[in-house]
Amino acid sequence: MDAFLQQFQHLQIQLEDITSATDNFNDDNCIGRGGFGKVYKGELSHSKGRSMVAIKDRGHGQGIPEFLKEITSLSHYSHENLISLLGFCYQGDKMILVYDYASR
Ligand SMILES: Nc1ncnc2c1ncn2[C@@H]1O[C@H](COP(=O)(O)OP(=O)(O)OP(=O)(O)O)[C@@H](O)[C@H]1O
């Protein structure tokens, strides 16, 4: 796990940044619910600058292997039709994925 986190260090986002971007996971910032937990909207700084992002709180619904797999596979792709993964947070018992915010 340490080796993994080191390899993807550039994608790591601090939990306190996510907490402040979502106003401590306030329901007012919740924009949807996926198969594994709530999705929040917020603005934060990440590997590509500062922008509006979609924050997926994986909670305990998803296993660690699936979480890591999502990071390894998505971080390899960058395509205009694919929403990019901007970062992740694996701190304490939190497993959070951060994507480009897609407005519709
Ligand atoms: N990148 C995004 N930008 C804006 N809104 C998003 C984004 N990703 C997800 N959402 C919102 O959150 C809702 C749930 O997202 P989604 O179904 O992708 O969650 P998930 O947990 O990844 O689901 P899955 O079970 O398919 O993995 C979506 O319907 C959408 O409203």
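Keep in mind that what you see is a predicted model, and the values were worked out from it rather than measured.

**Points about the pairing of strand S5 (residues 94-100)**
Most of S5 is tucked away: five of the seven residues are buried. Looking at chain direction, strand S3 (residues 49-57) and S5 are connected through five bridges and run antiparallel. Bridging from a neighbouring strand, Ala54 pairs with Tyr99 of S5. One ladder, built from six bridges, connects strand S4 (residues 85-91) with S5; its direction is antiparallel. Paired with Gly87 across the two strands is Val98, which belongs to S5. Taking the residues that link successive antiparallel strands as the turn, the S4-S5 hairpin has two residues, and the phi of Gly92 there is positive, at about 60°.

**Quick notes on the environment of Gln91**
Among the secondary structure elements, Gln91 is positioned in strand S4. For Gln91, a relative accessible area of 32% corresponds to the partly exposed category. Distance in space between the C-alpha atoms of Gln91 and Gln62 is 15 Å, their sequence separation being 29 residues. Once residues within four sequence positions are removed from consideration, Gln91 is found in contact with Ile13, Gln14 and Leu15.

**Quick notes on the UniProt feature "binding site: ATP" (unreviewed entry) in the chain**
Mapped onto this numbering, the UniProt entry annotates "binding site: ATP" (unreviewed entry) at Lys56. Excluding its chain neighbours within four sequence positions, the residues that come into contact with Lys56 are Lys38, Val39, Met95, Ile96, Leu97 and Tyr99.

**Some points on the pattern of salt bridges**
One pass over the full model with this rule turns up four salt bridges. With a shortest N-O distance of 3.1 Å, Glu43 and Arg50 are connected by a salt bridge. Residue Glu70 pairs with Arg58 through a salt bridge whose shortest N-O separation is 3.6 Å. Taken together, the residues span a long stretch of sequence, with Glu70 in helix H3 (residues 64-74) and Arg58 in the loop between S3 and H3 at a distance of 12 residues. Residue classification places Arg58 among the buried residues on the basis of a relative accessible area of 9%.

Cut-offs used in this document
Residues numbered from 1 in each chain as written. Predicted model: local features only at pLDDT ≥ 70, side-chain atom pairs only at ≥ 80, totals over all residues. Heavy atoms only, no water. Buried < 20%, exposed > 50% of the residue type's maximum accessible area, 1.4 Å probe, protein only. Helix = DSSP H or I, 4+ residues; strand = E, 2+ residues; numbered from the N terminus. Pairing = 2+ DSSP bridges. Contact = heavy atoms within 4.5 Å. UniProt positions renumbered as here; feature names shortened; annotations may be inferred. Salt bridge = Lys/Arg side-chain N within 4 Å of Asp/Glu carboxyl O.

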